[in-house]
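Now for the letters of each chain:
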Amino acid sequence: MAKNNLEVLNALDVAKTQWYHFTAIVIAGMGFFTDAYDLFCISLVTKLLGRIYYHKPGDLKPGSLPPNVSAAVNGVALCGTLAGQLFFGWLGDKMGRKRVYGMTLMLMVICSIASGLSFGHEPKSVIATLCFFRFWLGFGIGGDYPLSATIMSEYANKKTRGAFIAAVFAMQGFGILAGGIFAIIISAAFKAAFPSPIYKIDPVGSTVPQADYVWRIVLMFGALPAALTYYSRMKMPETARYTALVAKNAKQAAADMSKVLQVELEAEEEKVRSIEAEGKDFGLFTKQFLRRHGLHLLGTTSTWLLLDIAFYSQNLFQKDIFSAIGWIPAANTMNALEEVYRIARAQTLIALCSTVPGYWFTVALIDKMGRFSIQLIGFFFMTVFMFALAIPYHHWTLSDHNIGFVVMYSLTFFFANFGPNATTFVVPAEIFPARLRSTCHGISAAAGKAGAIVGAFGFLYAAQSQDKAKVDKGYPTGIGVKNSLIVLGVVNFLGMLFTLLVPESKGKSLEEMSGENEQEEGRSPSEESKQVLAGHDTGSVLV
């Protein structure tokens, strides 16, 4: 245990799993449920937006969003998320986790509702309004990443901390699932109420005027779960680690945690002053931080960046899979509402079969196997399956081998979620000092969103065929799907290498990992050796 640690922090570290742990998981997790719903539900309605606002009379295929509009609609929330992660991560360390937590939630509620509104009915005004509010929606979502992770890590005990933080992140899976289920219900209800012919028979009549309500309702529904948790978030006390170690108010920290843990805790104001007197309040841009945590920050940012390049680019061949196994027929053989229904059903099945189970495997095993092992294994199998898809790519395109392609694809998703997609979220909330924890998590998450933007859009262009005749409408030629998959295999392999920079935090207190309450001088060589030999942790000698 870290020397000189406060009683209130020790009490949190050794506390048995109690009701307040589950309450914190639900309150923080519902934020992530909303985040995932809001970020991923747009993919369910983009085809519908194309049919409604970009239909060209006489065209053999239904209207679709032009490449630049599609990139804006799908990507603007990711850009907002990146900015929000940096800003609210920094603000969470300056103002406190709780105060900022309410701001992000209200922003998400307001912008979810506003996303379904339009200033005007022309395509330009509708898309401009949608993009404006989805940027600020993403900005609010971005704040939820560092704050939810930090709050959960600072409330949890050290024995099950990984599972608790991973459980918050795993609510993403249920958010994606809920988005698909809600879109199925709404599209099925409208389809039954307003029947219409397929596009081939009646191009105009295949998109009923009421379809314009469908995408708005789907987007606006994201405000509901966030609004339901607002009161609970405001009632949560500030974390003891922020109050004691950053705000230096030991009395308030002890009072707050006495209520939460239902035990009497001593304020220990003298000990807080002695910790402060040690002069360890170094900032982010200092030599001390670089020496202690520089490699750790490089490890968390690089692995999250590389993971999200691969994770978000997997959407590239979703449409190929769905079409190949008959889940989504040709667009001109369906009406607008049928297409929404089919896309939502396909994404729901993928979420149910691979996304959700992967998250909860991580929750079950992270405190047994450790973060490092799960991340390394995840990147390894993602590399293997990506190369297995890429090298014999022509083999998988033949109709006899479609099932094998789907299995490979699902396993890649499974090992992303039972692997680096969860651990890259968990680790930055555990290894940095309390006064920089939210900031460093925000920086790591923002690196991930930069990777997501590269994965979702860079590879959208890269994966276009080298044959000009086979390129999607509006796109230039690219390097092809096979070469794109090979590049992604290399990206996953690099993720495996950069994982070696990430320390193992299983079973250790946050103060042990950050070195906040340790004596800088006077550590014997044997103590240093023990730390180095304690595990694979390549970065721990810097702590």
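In this report, we go over the structure that sits alongside the text. The shown structure was predicted, so the numbers you read here are calculated from the model rather than taken from an experiment. (Residues numbered from 1 in each chain as written. Predicted model: local features only at pLDDT ≥ 70, side-chain atom pairs only at ≥ 80, totals over all residues. Heavy atoms only, no water.)

1. Section: the overall build of the protein chain
Part 1 of the reasoning: In terms of regular secondary structure, the protein chain is built from 24 helices and zero strands.
Part 2 of the reasoning: Expressed as a percentage of its 543 residues, the buried residues of the protein chain come to 58%.
Part 3 of the reasoning: Taking all contacts inside the protein chain whose residues are at least 6 apart in sequence as the whole, residues at least 24 apart take part in 81%.
Part 4 of the reasoning: Accessible area of the protein chain: about 21,400 Å², with a carbon and sulfur share of 67%. (Helix = DSSP H or I, 4+ residues; strand = E, 2+ residues; numbered from the N terminus. Buried < 20%, exposed > 50% of the residue type's maximum accessible area, 1.4 Å probe, protein only. Contact = heavy atoms within 4.5 Å. Areas by Shrake-Rupley, 256 points an atom, 1.4 Å probe, with all protein chains shown as cover.)

2. A closer look at the nonpolar core
Part 1 of the reasoning: Val-73, Tyr-145, Trp-215, Val-218, Met-257, Leu-261 and Phe-425 are the most contacted members of the largest nonpolar core, which totals 134 residues.
Part 2 of the reasoning: When residues of this core are assigned to their parent elements, the largest contribution, 15 residues, is made by helix α7 (residues 161-193).
Part 3 of the reasoning: Filtering out sequence-adjacent residues up to four positions away, Phe-425 remains in contact with Phe-32, Tyr-145, Ala-149, Ile-165, Phe-169, Trp-304 and His-441.
Part 4 of the reasoning: Phe-289, Leu-297, Ile-431 and Val-502 belong to the second-largest nonpolar core, a separate cluster that totals eleven residues. (Core = buried A, V, L, I, M, F, W, Y, C linked by side-chain atoms within 4.5 Å.)

3. Observations concerning the packing of helix α4 (residues 67-95) against helix α5 (residues 97-115)
Part 1 of the reasoning: It is the contact of α4 with α5, at a shortest axis distance of 7 Å, that shows an interaxial angle of 145 degrees. Judged by residue contacts, Phe-88, Leu-91, Gly-92, Asp-93 and Met-95 of α4 engage Arg-97, Arg-99, Val-100, Met-103, Thr-104 and Leu-107 from α5. (Axes fitted to C-alpha atoms, helices over the stretch in contact; angles between N-to-C directions.)

4. Comments concerning the pattern of salt bridges
Part 1 of the reasoning: Tallied over the entire structure, the rule returns 14 salt bridges.
Part 2 of the reasoning: Of the charged contacts, one joins Glu-339 and Arg-51 as a salt bridge, the two residues approaching to 2.7 Å between their closest N and O atoms. Here Arg-51 lies in helix α3 (residues 42-53) and Glu-339 lies in helix α16 (residues 336-369), a separation of 288 residues in the sequence.
Part 3 of the reasoning: The buried category is assigned to Glu-339, whose relative accessible area is 5%.
Part 4 of the reasoning: Assessed through its relative accessible area of 4%, Arg-51 is described here as buried.
Part 5 of the reasoning: Between Arg-342 and Glu-338 there is a salt bridge, with its nearest N and O atoms 2.7 Å apart. One end of the pair, Arg-342, and the other, Glu-338, are both in helix α16, four residues apart, so they sit about a helical turn from each other.
Part 6 of the reasoning: One network of salt bridges, in which partners are shared, links Asp-93, Arg-97, Glu-154 and Arg-437. (Salt bridge = Lys/Arg side-chain N within 4 Å of Asp/Glu carboxyl O.)

5. Here we look at the packing of aromatic side chains
Part 1 of the reasoning: Counted according to the given criterion, the structure contains 33 aromatic pairs.
Part 2 of the reasoning: Taking the centre distance of 4.0 Å and the plane angle of 15 degrees together, the rings of Phe-182 and Phe-221 count as stacked. Of the two residues, Phe-182 is situated in helix α7 and Phe-221 in the loop between α8 (211-220) and α9 (223-228); the sequence distance between them amounts to 39 residues.
Part 3 of the reasoning: Centroid distance Phe-380 to Phe-381: 5.2 Å. Interplanar angle 75 degrees. Geometry classified as edge-to-face.
Part 4 of the reasoning: Residue Phe-380 is classed as partly exposed on the basis of its relative accessible area of 40%. (Phe/Tyr/Trp six-rings, centres within 6.5 Å; stacked < 30°, edge-to-face > 60°.)

6. Here we look at helix α14 (residues 287-313)
Part 1 of the reasoning: Here α14 is 27 residues long and its end C-alpha atoms lie 37 Å apart, about the 39 Å a rise of 1.5 Å per residue gives.
Part 2 of the reasoning: Its maximal kink placed at His-293, α14 deviates by approximately 65 degrees. (Expected span 1.5 Å × (residues − 1). Bend = angle between axes of the 7 residues up to and from the residue.)

7. Observations concerning the packing of α3 against α16
Part 1 of the reasoning: At their nearest, the axes of α3 and α16 sit 9 Å apart, and the two run at 165 degrees to each other. By the angle between their directions, the pair α3 and α16 is classed as roughly antiparallel. Every pair of crossing elements has a handedness; the one defined by α3 and α16 is right-handed. Each of Ser-43, Leu-44, Lys-47, Leu-48 and Arg-51 in α3 lies in contact with α16, whose residues at this interface are Ala-336, Glu-339, Val-340, Ile-343, Ala-344 and Gln-347.
Part 2 of the reasoning: Classifying every residue of the contact of α3 with α16 by side-chain character gives six nonpolar, two polar and three charged. (Parallel < 35°, antiparallel > 145°, perpendicular 65-115°, else oblique. Left-handed = near helix turned anticlockwise from the far one by under 90°. Nonpolar A, V, L, I, M, F, W, Y, C, P; charged D, E, K, R; others polar.)

8. Looking at α5
Part 1 of the reasoning: The end-to-end C-alpha separation of α5 is 27 Å, in line with the 27 Å expected for 19 residues at 1.5 Å each.
Part 2 of the reasoning: Where α5 is concerned, the buried positions are Arg-97, Val-100, Tyr-101, Gly-102, Thr-104, Leu-105, Met-108, Val-109, Cys-111, Ser-112, Ala-114 and Ser-115.

9. Brief notes about the environment of Gly-474
Part 1 of the reasoning: Along the chain, the position of Gly-474 falls in the loop between α21 (434-462) and α22 (480-498).
Part 2 of the reasoning: Separated by 406 residues in the primary sequence, Gly-474 and Asn-68 place their C-alpha atoms 8.9 Å from one another.

10. Digging into the side chain of Asp-93
Part 1 of the reasoning: By the element assignment, Asp-93 lies in helix α4.
Part 2 of the reasoning: Judged by relative accessible area, Asp-93 falls into the buried class, the value being 6%.
Part 3 of the reasoning: Polar contacts involving the side chain of Asp-93 include one to the main-chain amide nitrogen of Ser-438, which spans 3.3 Å.
Part 4 of the reasoning: A polar contact is formed between the side chain of Asp-93 and the side chain of Thr-439, at a distance of 2.6 Å.
Part 5 of the reasoning: Setting aside anything within four residues of it in sequence, one finds Asp-93 in contact with Tyr-242, Val-246, Ala-434, Arg-435, Leu-436, Arg-437, Ser-438 and Thr-439. (Polar contact = N/O pair within 3.5 Å; in protein donor to acceptor, adjacent residues only side chain to side chain.)

11. Quick notes on the environment of Thr-17
Part 1 of the reasoning: Its place among the elements puts Thr-17 in the loop between α1 (7-14) and α2 (19-40).
Part 2 of the reasoning: As for Thr-17 and Ala-156, which are separated by 139 residues in sequence, their C-alpha atoms are 8.4 Å apart.

12. Considerations on the side chain of Arg-161
Part 1 of the reasoning: Looking at the element boundaries, Arg-161 is found in helix α7.
Part 2 of the reasoning: The exposure class of Arg-161 is buried, given its relative accessible area of 1%.
Part 3 of the reasoning: At 3.2 Å, the side chain of Arg-161 and the backbone oxygen of Ser-505 are in polar contact.
Part 4 of the reasoning: In this structure Arg-161 touches Ser-153, Ala-156, Asp-367, Arg-371, Glu-430, Ser-505, Lys-508, Ser-509 and Leu-510, once residues within four positions along its chain are discounted.

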